[in-house]
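# Structure at a glance
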Amino acid sequence: MSWMAFTRAVSPSLAACELTHVARTPIQVDRAVAQHARYEDALRRLGCAVQRVAPAPEHPDAVFIEDTAVVLDEMAVITRPGAESRRGETQAVALALEPHRELRAIAAPGTLDGGDVLVAGRRIFVGRTARSNDDGIAQLAALTAPFGYEVIPVEVRGCLHLKTAATALDDGAVLHNPMWVEPAAFAPLTAHAVHPDEPMGANVVRVGERLLYAEAYPRTLAAMRALGYDVVTVPADELAKAEGAVTCCSLIFRE
Ligand code: CIR
């Protein structure tokens, strides 16, 4: 078994990105491009074959490819992003995924962002947010139920996506920020909290047993390592100015 990571180039128009909970500050696109390249290198070091989907320079948020699809072992679901400005991002991702998975799609009036979809084993936790509505969540549940997945809606408050508030460390544990999501929502999984000084630190990429994390959250990093997790870090602060975290920049799946 091998791992594949789809990524997408940082658009020159990144500074015109959607922003919801993050104040707009100047974004240095060159710096974001350099951080993105280091992120791709780190994915390779974790064992992923990295493939870039065709760039979409007209879409400021295209680098955040995670939002455009939910890729499971058995199939993939092309999303219908909650932000209208992002709907044109999905077509090229569907084309790139087609050789790898059978595809399904979320249809109007459903909306779903991949950033709201947290898969842990056969459980799929989905954030109810401004980006993902009940219709989109119900469609995802109907599409994945035949493969034995259970979709569990989760209330999220104060941040963009469920995965801003919580991500999986393994199939039995999540890292979360209790300000934005109730740890009980993930029961029976163990919920570890971020360090209170690092509210944006709940987003971690998982490649099998190994984790990729932003270097900006050293206290939470130390806690993860103390729990025995194997974590590599990358700089990601320029992409964070566009309200994107590490999971947002890839679609990772088994080949
Ligand atoms: C947006 O608001 O859509 C982008 N500026 C950030 C998307 C981040 N994606 C993610 O968390 N999965």
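I will try to describe carefully the structure that is included in this document. (Residues numbered from 1 in each chain as written. Predicted model: local features only at pLDDT ≥ 70, side-chain atom pairs only at ≥ 80, totals over all residues. Heavy atoms only, no water.)

## Considering the pattern of salt bridges
- The full count for this structure, using the stated rule, is 18 salt bridges.
- Here Asp67 and Arg86 are joined by a salt bridge, their closest N and O atoms 2.7 Å apart. You can see Asp67 sitting in the loop between β2 (48–53) and β3 (69–71) and its partner Arg86 sitting in the loop between β4 (76–78) and α2 (90–97), a full 19 residues away along the chain. For the pair shown, Asp67 and Arg86 are each scored as buried.
- Here Asp230 ties to Arg210 by a salt bridge, and the two come within 2.9 Å at their closest N and O atoms. In this pair, Asp230 sits in strand β14 (residues 230–234) while Arg210 sits in strand β13 (residues 210–214), placing the two residues 20 residues apart along the sequence.
- If you follow the salt bridges from partner to partner, you end up with Arg31, Asp237, Glu238 and Lys241 in one network. (Salt bridge = Lys/Arg side-chain N within 4 Å of Asp/Glu carboxyl O. Helix = DSSP H or I, 4+ residues; strand = E, 2+ residues; numbered from the N terminus. Buried < 20%, exposed > 50% of the residue type's maximum accessible area, 1.4 Å probe, protein only.)

## A few points about the sheet that holds strand β12 (residues 205–207)
- Pairing is mixed in the open sheet, where three strands are placed in the order β12-β13-β14. At either end of the open sheet lies a strand with only one pairing partner, and these are β12 and β14. On average, each strand axis in the sheet is inclined to that of its neighbour by 25 degrees, with strand direction left out of account.
- Taken strand by strand, helix α1 (residues 29–45) contacts β12, β13 and β14, and its axis lies near 165 degrees from that of β13. (Pairing = 2+ DSSP bridges. Axes fitted to C-alpha atoms, helices over the stretch in contact; angles between N-to-C directions. Contact = heavy atoms within 4.5 Å.)

## Quick look at the sheet that holds strand β15 (residues 251–254)
- Taken in spatial order, the three strands line up as β2-β1-β15 in an open sheet, and their pairing is mixed. Two strands bound the open sheet, and with one partner strand each, they are β2 and β15. Strand after strand, the sheet turns through a mean of 25 degrees between neighbouring axes, direction not considered.
- Sheet topology note: the strand β1 (residues 3–8)/β2 ladder contains six bridges and is parallel. Across the sheet, residue Thr7 finds its bridge partner in β2, namely Arg52.
- In this fold α1 packs onto β1, β2 and β15, with an angle of close to 145 degrees to the strand it touches most, β2.

## As for the pairing of strand β10 (residues 173–176)
- Side-chain alternation along β10 places Ala173 and Leu175 on one buried face and Val174 and His176 on a second face that is also buried.
- Looking at chain direction, strand β9 (residues 166–170) and β10 are connected through four bridges and run antiparallel. If you follow Ala166 over to β10, its bridge partner there is His176.
- Joining the antiparallel neighbours β9 and β10 is a turn of two residues.
- Pairing between β10 and strand β11 (residues 190–193): four bridges, direction parallel. Residue pairing in the sheet places Ala173 in a bridge with Thr190 of β11.

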